[in-house]
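Summary of structural features
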Amino acid sequence: MRTVAETTIPELPLGERGGPAQPLISARGLIKHFPVKGSGFLQPKKVVRAVDGVDFDILKGETLGVVGESGCGKSTTARLLMQLIIPDQGDILFDGETVGGALPLAQYRRQVQMVFQDSYASLNPRLTIEESIAFAPRVHGVPQAKAIARAHDLLHRVGLEPVRFAGRYPHELSGGQRQRVNIARALALEPRLVILDEAVSALDKSVEAQVLNLLLDLKRDFGLTYLFISHDLNVVRFMCDRVMVMYLGKVAEVGTREAIYENTKHPYSAALLASMPKMDPAERTEEPPLSGDPPNPIDPPSGCRFHTRCSMAEGVCSATPPPLAVVSSEQRAACLMSVPGSGHSHAPKPAAELMEA
Amino acid sequence: MNEEQTVIDIRDLSVTFHRGRKPVKAVNGVSLSVEAGEVVALLGESGSGKSVTMRSLLRLHPKGTDVTGSMTVSGRDVMGLSTRELGQLRGATVSMVFQEPRLALDPVYTIGQQIEETIMRHEKVSRQAASERALALFQKVRIPSPERRLKNYPHEMSGGMLQRSMIAMALACNPKVLLADEPTTALDATVQIQILLLIRELQKEYGLSVIFVTHDIGVAAEVADRIAVMYAGRIVEEGRVGDIIRDPKHPYTKGLLGARVELAHGRDRLVTIPGSPPDLAAMPPGCAFAPRCGQASDICLRDVPPLKPIGETGNIACIQYA
Ligand SMILES: Nc1ncnc2c1ncn2[C@@H]1O[C@H](COP(=O)(O)OP(=O)(O)OP(=O)(O)O)[C@@H](O)[C@H]1O
Ligand SMILES: Nc1ncnc2c1ncn2[C@@H]1O[C@H](COP(=O)(O)OP(=O)(O)OP(=O)(O)O)[C@@H](O)[C@H]1O
Ligand code: SF4
Ligand code: SF4
Ligand SMILES: [Mg+2]
Ligand SMILES: [Mg+2]
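Residues numbered from 1 in each chain as written. Chains lettered and ligands numbered in written order. Predicted model: local features only at pLDDT ≥ 70, side-chain atom pairs only at ≥ 80, totals over all residues. Heavy atoms only, no water.

Summary statistics for chain B give a mean pLDDT of 92 and a share of 98% for residues scoring 70 or more. Interface confidence for the predicted complex, given as ipTM, is 0.88, next to a pTM of 0.91. (pLDDT = per-residue confidence, 0-100.)

A word on helix α4 (residues 129-139) of chain A. Taken as a whole, α4 of chain A has its buried residues at Ile129, Glu130, Ser132, Ile133, Ala134 and Pro137 of chain A. The positive-phi residue at the C-terminal boundary of α4 of chain A is glycine 141 of chain A, with phi of around 95°. (Buried < 20%, exposed > 50% of the residue type's maximum accessible area, 1.4 Å probe, protein only. Helix = DSSP H or I, 4+ residues; strand = E, 2+ residues; numbered from the N terminus.)

Residues and elements named next belong to chain A. Neighbouring residues of ligand 1: Phe34, Val48, Ala50, Ser70, Gly71, Cys72, Gly73, Lys74, Ser75, Thr76, Arg79 and Pro297. Lysine 74 is positioned such that a nitrogen or oxygen atom in its side chain is 2.8 Å from an oxygen atom of ligand 1. Take threonine 76: an N or O atom from its side chain is 2.5 Å from an oxygen atom of ligand 1. Look at ligand 1: alone it shows 640 Å² of surface, and the protein chains cover 64% of it. Among the elements that line the shell around ligand 1, the one with the most residues is helix α2 (residues 74-81), at four residues. When the residues that make up the shell around ligand 1 are grouped by side-chain class, the tally is five nonpolar, five polar and two charged. (Near = heavy atom within 4 Å. Polar contact = N/O pair within 3.5 Å; in protein donor to acceptor, adjacent residues only side chain to side chain. Areas by Shrake-Rupley, 256 points an atom, 1.4 Å probe, with all protein chains shown as cover. Nonpolar A, V, L, I, M, F, W, Y, C, P; charged D, E, K, R; others polar.)

A few words on the site of ligand 3. Taken together, the residues surrounding ligand 3 are His266, Pro267, Cys304, Phe306, His307, Cys310, Met312, Ala313, Cys317, Cys335, Leu336 and His344 of chain A. The class makeup of the residues in the shell around ligand 3 is nine nonpolar, three polar and no charged.

Below, the discussion takes up the domain arrangement of chain A. All names here are of chain A. When cut into domains, chain A gives domain 1 (23-34 + 46-246) and domain 2 (248-277 + 286-356). Using only C-alpha atoms to locate each centre, domain 1 and domain 2 end up separated by 30 Å. Listed by partner, the interface residues are 26 residues for domain 1 and 26 residues for domain 2. Counting the surface lost from both domain 1 and domain 2, the interface buries some 2300 Å², and carbon and sulfur atoms represent 57% of this. If you look at where domain 1 meets domain 2, you find three salt bridges. Between arginine 305 and aspartate 52 there is a salt bridge, with its nearest N and O atoms 2.4 Å apart. (Domains from an automatic or database assignment. Contact = heavy atoms within 4.5 Å. Buried area = accessible area lost by both parts, 1.4 Å probe. Salt bridge = Lys/Arg side-chain N within 4 Å of Asp/Glu carboxyl O.)

A few words on the environment of proline 350 of chain A. Residue and element names in this part refer to chain A. Tracing the sequence through the fold places proline 350 in the loop between β12 (331-333) and α12 (351-356). Sequence separation between proline 350 and valine 339 is eleven residues, and the spatial gap between their C-alpha atoms is 8.5 Å. With residues up to four places along the chain from it excluded, the contact list for proline 350 reads Pro340 and Gly341.

Taken as a whole, this structure holds 31 salt bridges over all chains when the rule is applied. We note a salt bridge from arginine 157 of chain A to aspartate 221 of chain A, for which the minimum N-O separation is 2.6 Å. Taken together, the residues span a long stretch of sequence, with arginine 157 of chain A in helix α5 (residues 144-157) and aspartate 221 of chain A in helix α8 (residues 205-222) at a distance of 64 residues. With its nearest N and O atoms 3.4 Å apart, the salt bridge here joins lysine 205 of chain A to glutamate 208 of chain A. Residue lysine 205 of chain A and its partner glutamate 208 of chain A are located together in helix α8, separated by three residues, close to a single helical turn. Within this structure, Arg157, Asp217, Arg220 and Asp221 of chain A together with Arg269 of chain B form a network of salt bridges that share partners.

In terms of nonpolar packing, the biggest core is built from 66 residues, with Ile115, Phe138, Ile167, Phe212, Ile227 and Tyr252 of chain B touching the most fellow members. At eight residues, helix α8 (residues 189-206) of chain B tops the list of elements feeding residues into this core. Not counting residues within four places of it along the chain, the set of residues in contact with isoleucine 167 of chain B comprises Val97, Val141, Ile195, Leu198, Ile199 and Leu202 of chain B. Core analysis: the second largest hydrophobic core is formed by 64 residues, Val115, Leu123, Leu248 and Tyr261 of chain A among them. (Core = buried A, V, L, I, M, F, W, Y, C linked by side-chain atoms within 4.5 Å.)

In terms of backbone geometry, most residues other than glycine have negative phi values and most peptide bonds are trans. Residue and element names in this part refer to chain B. With phi around 50°, arginine 59 is a residue other than glycine that occupies positive phi space. The class of arginine 59 is partly exposed, set by a relative accessible area of 31%. For alanine 232, which is not glycine, the phi torsion reads 50° and is therefore positive. Its location among the elements puts alanine 232 in the loop between β9 (226-231) and β10 (234-240). With a relative accessible area of 5%, alanine 232 lands in the buried category.

So, about the sheet that holds strand β5 (residues 76-77) of chain B. Residue and element names in this part refer to chain B. Across the sheet, which stays open at both edges, the four strands sit in the order β2-β1-β4-β5 with antiparallel pairing between neighbours. What marks the edges here is a single partner per strand, and that holds for β2 (24-35) and β5. One ladder, built from nine bridges, connects strand β1 (residues 6-17) with β2; its direction is antiparallel. When the bridges of β2 are listed, isoleucine 10 appears paired with leucine 32. (Pairing = 2+ DSSP bridges.)

This part is about the packing of aromatic side chains. All names here are of chain A. Applying the stated criterion across every chain, the model contains seven aromatic pairs over all chains. With centroids separated by 5.0 Å and ring planes inclined at 80°, the aromatic side chains of tyrosine 247 and phenylalanine 306 adopt a geometry described as edge-to-face. Of this pair, tyrosine 247 sits in strand β9 (residues 242-247) while phenylalanine 306 sits in the loop between α11 (267-274) and β11 (325-328); the two residues are 59 residues apart in sequence, bridging distant segments of the chain. Here tyrosine 247 matches phenylalanine 306 in class, with each residue buried. Aromatic pair tyrosine 268 and phenylalanine 306: ring centres 5.3 Å apart, planes at 70°, arrangement edge-to-face. Placement of tyrosine 268 in helix α11 and of phenylalanine 306 in the loop between α11 and β11 is noted, with a sequence separation of 38 residues between them. What makes phenylalanine 306 buried here is its relative accessible area of 3%. Through pairs of rings, three or more aromatic residues link up here, namely Tyr247, Tyr268 and Phe306. (Phe/Tyr/Trp six-rings, centres within 6.5 Å; stacked < 30°, edge-to-face > 60°.)

The next point concerns the pairing of strand β3 (residues 39-43) of chain B. All names here are of chain B. For β3, a buried count of five out of five residues is recorded, marking the element as mostly surrounded by other parts of the structure. A two-sided burial pattern is seen for β3, the buried positions comprising Val39, Ala41 and Leu43 on one face and Val40 and Leu42 on the other. In the sheet, β3 pairs with strand β8 (residues 209-214) via five bridges, with the strands oriented parallel. By the bridge assignment for β8, valine 39 is matched with valine 210. As judged from the four bridges shared by β3 and β9, these two strands associate in the parallel manner. The partner of alanine 41 across the bridge, within β9, is isoleucine 227.

Printed below as a string of C-alpha cells:
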C-alpha cells in the first residue's frame, strides 16, 4: 500500500537513494559451502568452505580489487553478488537496502553484471554480436529496433565499428575483440556494478592494455563501479582504488591500494606481493616467499587459516581465529598481530594495560 | 665442460601447416642458438610461434607439416634422425615440461610408475633401481613426503605438486636440454615463484641448456640469461636479458615493454600498441610489424628486415638498425 508522501516525492534511481557515502554494495557475513561429491554416504558429510564468513563494502564509483590464490573463493564471492548462487548465510545490501528483502531481486539483478575470463564460452555461437548485445534488453521488453540501435552505440563505444562487426559471429573475432563484445553486452542493461572476474587474464599483454584503457574510459563515462578479480597484482595495482586479499574463504586484509601495496599488515599479503617476479635480473628473487600449496578448503587449519604457512605464526595463531581488525581508517587486517591483547608477541598492548603502565 | 659449446643450433627454421584452406606458416625463418648451461627465454604473444619452434626440436609436428632449415642438438642433426634415434633424443637428451602437466601425464598410472617407466625405457636398469631413482628425484624437487606422493595418481596432486613431478620426470635420464613451455603460467604467483627458483637451481646444478617459453617478461627476467622476442613467426630481437629489459630497440619490444602496467604509476592510461598481430595465413609482404609500427616507411612494407647483429651480444630485425 502506498502512502501519499511516497507517490508525490519523485523516486531517485536505484543506487542513488542512499547518498554518495552509502556503499553501493555491502556484503555481511556471507557463507557458501559446497557439498563434496561422494561424501555423506556411510561417512561424515564433507563441505568445501568456499566462502566462510566474508564482510566487505564496495563504495560508489570505486574499483575494488580482489586477489588471492586459486580456490580462495574469489569467483564464489562474485557469483554470490550476482545472485547466481544463494548464500547459506549472510546478506547483500544494495545502497543500504537488503537484496531480496526491501529491494526485490529482479530490480537488483539489472544493476549487477559480470564479465568472465573465457570470452568464447560466454557468447552464444549462433547469435551475431549485435544480437548477443541486444538479447538481454529484448528480454526486458526493449523494442527490437531500439535494442539494436543501442547495441550499435555500445559496439562503437568499445572500439568495434558496427558497420564492420555488428553482423559477425563470435568465431570471426579475436580474443580481445570477443572480450570487448562481452563488456558491451554487460553494459546493455545500464548496470551500476560490473564484476570483472579475470576478464583480461586470457588476453595478450598488448591487447590487455587496450582493454584496461577501455574499462577505465567506460567507468568514467557511465559512472560505473567495478569489482575487479585478478591474479595479476600489477594489473590490480593499476586498476583499483581499494584491494581485498582473500585466503581460504576469508578476507585476510582489505584497504586502499597504497595501504595494501606499501604498508600491508598481513603476512599473507606480504608473501603474495613478494612473489611477483622482479623485473630486474640483477635483483632476482632468492627465496620463495611462501612454501607449499594452499591447504585444502574442505578441512582448513584451525585458528588463523594461514598459520601453517605463516613465518610470524605463534602458538596462539592455531587456537584463535583472528577477527578482521581495524588497523587504520583505510585498512583492516585479519591477523592477531593487529589485535590488541591477542596474545601474539607482536600485538599492541590493550588500552587498559597502557593506562596502567 | 667447454662453456662456449653450442648445444642447440637452429638455422633458418620454417614450419608450415596444411590444415585449413590456406597453408599457415607458423614459423618463418627462425635462427637461435643456445650454449651449454644457458637459459634462453622465448618471449612473444599468443600465436607468435613459440611452441611450434620448440616442438620442432623434437619433431613433434603432425604428418604433412613442411619443415625446412636445419637443427642440431648436442651435435646431432635432428632432421636426419631415424625413428629409433628420435626416440632416444626425446626424453634422454632433450626433455620437456608443459604448461598443463595433467595433459602430459597418464591418469591411470601413479606418478612413481610413470617416472620408473621413463627411466627403464631409456636405460637398462632394474625396476628396483628405477624406483630408487624416482624417490631421489622427488626429494630433489622437494615434494613433501616423497614415498607417499610417488604412489599418488595425477588427480590426487595440486597443480604445483604436479609441475614438480613433471620436472622430476624431465630430469630422470640426465638430459642435456630442457624445453619448458610456459611451465608456470597456470600456477598461482606464490607457487610460480617456487617453481621458477627450482628450475633455476636445477639448471645450474645439472648444467642444463634451457629454452623457456613465456609471454611474461617478469618470468623471463627471473630465469633467463638471454631473451629472444618472437613476432608473427619470426625472431625480431634477441639479446642479454638485462639489455632487452633496460634498453629494448625493436619497436615491437619497445611497445611490449612500454605497455606494462607497472610503468603507469600516476598516469591514468596505459601506452598501448595499436591493432593486433597479422593473420599467419595472409602475412604482409614486408616487416610483419609494419601495420602497427609508428616508424614504418615504404621499405618496411616491401622487404622483410633480416635479423642482424647489434652491439656485442644482440641481434635485431628492423631497418632502422640495418
Ligand atoms: N559448484 C561448486 N561445487 C563444489 N565446489 C565448488 C563449486 N564452486 C567452487 N567450488 C570450490 O570452492 C572453492 C573456491 O572456488 P572459487 O572458484 O571461488 O575460487 P577462486 O578464488 O575463484 O579461484 P581461481 O583463482 O582458481 O578462479 C574451491 O575449492 C572450489 O573448488
Ligand atoms: N598442428 C597445427 N596445425 C595447424 N596450425 C597450427 C598447429 N600448431 C600450431 N599451429 C598454428 O601456428 C601458430 C603458432 O602457434 P604456437 O602454438 O607456436 O603459438 P605460441 O606462440 O606458442 O602461442 P601461445 O602463447 O598461445 O601458446 C598459431 O597460429 C597456431 O594456430
Ligand atoms: S594471525 Fe598468526 S598465523 Fe595468522 S597471519 Fe597473523 S601471525 Fe600469521
Ligand atoms: S622494419 Fe620498419 S615497420 Fe618493421 S619494426 Fe622496423 S621500422 Fe617498424
Ligand atoms: Mg575464479
Ligand atoms: Mg604456446
